[in-house]
Amino acid sequence: MPYRQLAQVIRLIDIVLRLAPVTVRVRSPFRSVARHIERFYGGLPADSALNRDDPFVDFDIRLVGGANWRRWFRPQARFLLDESDPFLPLPASQAAPLFEWGLNWCFATRPLGYLVMHAAVVAQGGDALILPGFPGAGKSTLCASLTFAEGWRLLSDELAILEPETGELQPNPRPISVKNESLRIVSAFPGATLGPAYSDTRKGTVAHVAPPAASVDAAEQTARCRWVVFPRFTADAPTTCEEITRAEAFTRIAEQSFNRDRMGEAGFHAICAMLDGARCFEIGYGSTADGLGLIRDITSERTAQ
Amino acid sequence: MKEVRQHEAAAAPKRRFRIGIFPGRSIAFSPEWREDGLCVLFDRNSGDYWVVSGLARKIVENVSQDQGCDAEDLTRVALYALPHDQRLDAMQATARNVLDELLRLEILASGPDAVSPTRAGYPLD
C-alpha cells in the first residue's frame with residue numbers, strides 16, 4: 001500500500017509546520033494530536049504528507065505510544081525529538097498538551113542562536129510588552145486578556161525569543177495555555193476559542209486557546225521591547241505598581257532565561273540592549289480588570305506619542 | 001612611648017594598595033543607565049553577574065583600562081568622573097554600604113531585634 005494511503009488509514013499525522021521562527025516536523029498516530037493541530041495550526045492539508053519534502057526542519061518531533069504492554073494497558077504518550085526521549089511518558093490522553101510542552105522545551109534547549117526567556121510577549125505595532133513570570137504569577141491569563149480583550153498582538157504566551165544581533169523579539173504565536181481558574185475568565189472573552197480541557201495534568205486542568213488570526217498572520221513581524229512588566233496576581237489583593245531599575249529587571253530576567261548561561265557574553269549584551277530601550281515595572285493586582293488597568297496606565301504614555 | 005610611636009607612624013610612608021581585576025575574571029559592562037543609578041557587571045569566564053552602583057562600575061572600568069591602579073587615586077578619579085549630583089549620592093552610598101556591611105556581619109542590628117545601648121548595658125552618657 002502506498003505510504004500516503006497507509007498514513008490515511010492508520011490516521012498517521014506527518015506534517016511540516018512553519019511555526020515562526022522555526023520549522024517543525026510532527027509525526028504521530030494519536031488522533032488527539034491530529035485534532036489539536038487541525039484546530040490550532042490552521043488545519044491539516046488534505047494530504048497530511050504533502051509537505052514532507054521540505055528541505056530542512058529545526059525540530060523533528062514524534063509523539064508515539066508507550067513501549068510494549070503500555071500501548072494497550074493504561075496507554076502512554078512519549079515525546080521524541082530527533083529520536084531522543086527527553087521526558088517521562090504521560091498518559092495517552094495528554095498527548096496534545098505534551099506536544100505543546102515538548103515544543104516549548106525544544107525552543108528552550110536547542111541552540112538556535114536566540115536568547116529564550118520564560119515570558120509572555122504581546123505587541124502594539126512594533127512595540128512589545130514582555131511579561132516574565134514564575135508559574136502562577138498570572139502572566140498567561142494577563143496575556144490572554146490583553147490579546148482578546150484589549151486587541152494586543154500575541155507574540156507568545158510562554159517564550160520571549162530574542163534575536164541577539166538585532167535586539168528584535170521573534171513572534172511564535174501558538175495556542176495560549178490556560179489553567180484551572182483562568183479557563184472561566186478566558187472563555188468569556190469574545191473571539192477566544194478554547195480546545196478540550198485536559199484534567200489531572202501536572203499543572204492541573206489545562207486547555208488551549210487559539211491565537212487570533214491576525215497574530216498568526218503577523219508571525220514573521222518582529223517587535224522591539226518597550227516595556228517589561230513583572231506581574232504578581234493574588235486574588236483580591238490591592239493594586240500596586242512600582243517602576244524598577246533595569247539592573248533589577250536584568251537579574252529577574254536572567255533567572256527566567258533558559259539559555260543565558262550558554263549564550264555567555266552575547267546573552268548578557270542581548271538582555272542589556274533589550275532593557276536599554278525599555279521601562280520596567282512590577283505590578284500586583286487582585287483581578288484581571290485591575291491588571292489590565294495597570295498595563296493600560298503603563299503603556300498609554302508611549303502609545304499616545 | 002605612645003608619643004614616639006605616633007611620630008614613627010607620621011614619618012612612615014603611606015602604604016599604597018594596588019588594585020586589579022580578580023585573577024581569572026574578564027568583566028563586561030551593561031550600559032551605565034545613569035538615571036537608574038544601578039548597572040550590571042558580567043564575568044565572561046564564569047557567567048557570574050553583579051548589580052552595582054554607578055560608582056562601582058566606574059571603579060571597575062578604570063581598573064580594567066589601567067590594568068591595576070592605586071586605590072586612593074582610583075576612588076578619587078572614579079568619584080570625580082561621576083556627574084556632580086551623583087557624587088554626593090555616591091559618598092552617601094559608601095556610608096550606607098558600610099552600615100549595611102555592619103548589619104550583615106551582625107555587629108549592628110535593625111528593626112525589632114535591635115538592642116538599644118542602654119539595654120545592652122552601655123549607657124549613652
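All figures in this text were calculated on a predicted structure; none of them were measured in a lab. Throughout this description, residue numbers start from 1 for each chain and increase along the sequence as written. Chains and ligands are labelled sequentially in the order written, the chains with letters from A and the ligands with numbers from 1. The model is predicted, so local features are restricted to residues of pLDDT at least 70 and side-chain atom pairs to those at 80 or more, both for listing and for counting; the totals for chains, interfaces and linings are taken over all residues.

This part is about the overall build of chain A. Secondary structure counts use DSSP, requiring at least four H or I residues in a row for a helix and at least two E residues in a row for a strand, with both numbered from the N terminus. Helix and strand counts for chain A stand at 9 helices and 16 strands. Values of the radius of gyration come from C-alpha atoms, whereas the globule rule sets the reference at 2.2 Å times the count of residues to the power 0.38. Expected size for 305 residues packed as a compact globule is a radius of gyration near 19 Å; at 20 Å, chain A falls within 12% of this value. Dimensions of chain A along its principal axes, counting C-alpha atoms only, are 65 × 40 × 30 Å. To sort residues by exposure, count the other C-beta atoms lying within 10 Å of each residue's C-beta; 20 or more gives buried, 12 or fewer gives exposed, and values between give partly exposed, all with C-beta atoms placed from the backbone. Buried residues in chain A amount to 40% of all 305 residues.

The next point concerns the interface of chain B and chain A. Contacts between the two partners involve 13 residues from chain B, matched on the other side by 13 residues from chain A. Elements supplying a minimum of two residues to the side of chain B that touches chain A: β3 (38-43) and β4 (49-53) of chain B. Here the nonpolar group is Ala, Val, Leu, Ile, Met, Phe, Trp, Tyr, Cys and Pro; Asp, Glu, Lys and Arg are the charged ones; every other residue, Gly included, is treated as polar. Split by residue class, the side of chain B that touches chain A holds 9 nonpolar, 2 polar and 2 charged. By the convention adopted here, residues are in contact when the distance between their C-beta atoms, placed from the backbone, does not exceed 7 Å.

Residues Arg246, Ala247, Ala249, Phe250 and Ile253 of chain A constitute the buried set of helix α7 (residues 246-255) of chain A. Taken down its axis, α7 of chain A places every buried residue within 155 degrees of arc, on the same side. Throughout, the arc means the angular range of directions from the helix axis out to the C-beta atoms.

Looking now at the confidence of the model for chain A. Confidence per residue, as judged by the predictor, is encoded in pLDDT with a range of 0 to 100. For chain A, mean pLDDT is 87; residues scoring 70 or higher make up 90% of the total. This stretch, residues 44-50 of chain A, has a pLDDT under 50; its non-local contacts, to residues over four places away or in other chains, come to 14 contacts.

Before going further, it helps to spend a moment on the sheet that holds strand β4 (residues 76-81) of chain A. All names here are of chain A. Criterion used throughout: strands pair if DSSP finds at least two bridges between them. Taken in spatial order, the 5 strands line up as β1-β2-β3-β4-β5 in an open sheet, and their pairing is mixed. A single partner strand is all that each edge strand has here, and the edge strands are β1 (13-19) and β5 (90-91). Here β1 pairs with strand β2 (residues 22-28) via 7 bridges, running antiparallel. Paired with Leu17 across the strands is Val24, a residue of β2. Geometry is summarised by axes, namely lines fitted to C-alpha atoms with helices restricted to the contacting stretch, and by angles between N-to-C directions that run from 0 to 180 degrees. Its contacts with the sheet place helix α2 (residues 31-40) against β1, β2 and β3 (59-65), and it is angled at close to 35 degrees to β1.

This part takes up unusual backbone geometry. A cis amide bond, omega 5 degrees, links Ala20 of chain A with the succeeding residue Pro21 of chain A. Structurally, the position occupied by Pro21 of chain A is in the loop between β1 and β2. The backbone phi angle of Asp236 of chain A is positive, close to 65 degrees, even though this residue is not glycine. Among the secondary structure elements, Asp236 of chain A is positioned in the loop between β14 (223-233) and β15 (240-244). Positioned with a positive phi, Trp33 of chain B is a non-glycine residue whose angle comes to about 45 degrees. Accessibility expressed as a C-beta count within 10 Å gives 19 for Trp33 of chain B, which makes it partly exposed.

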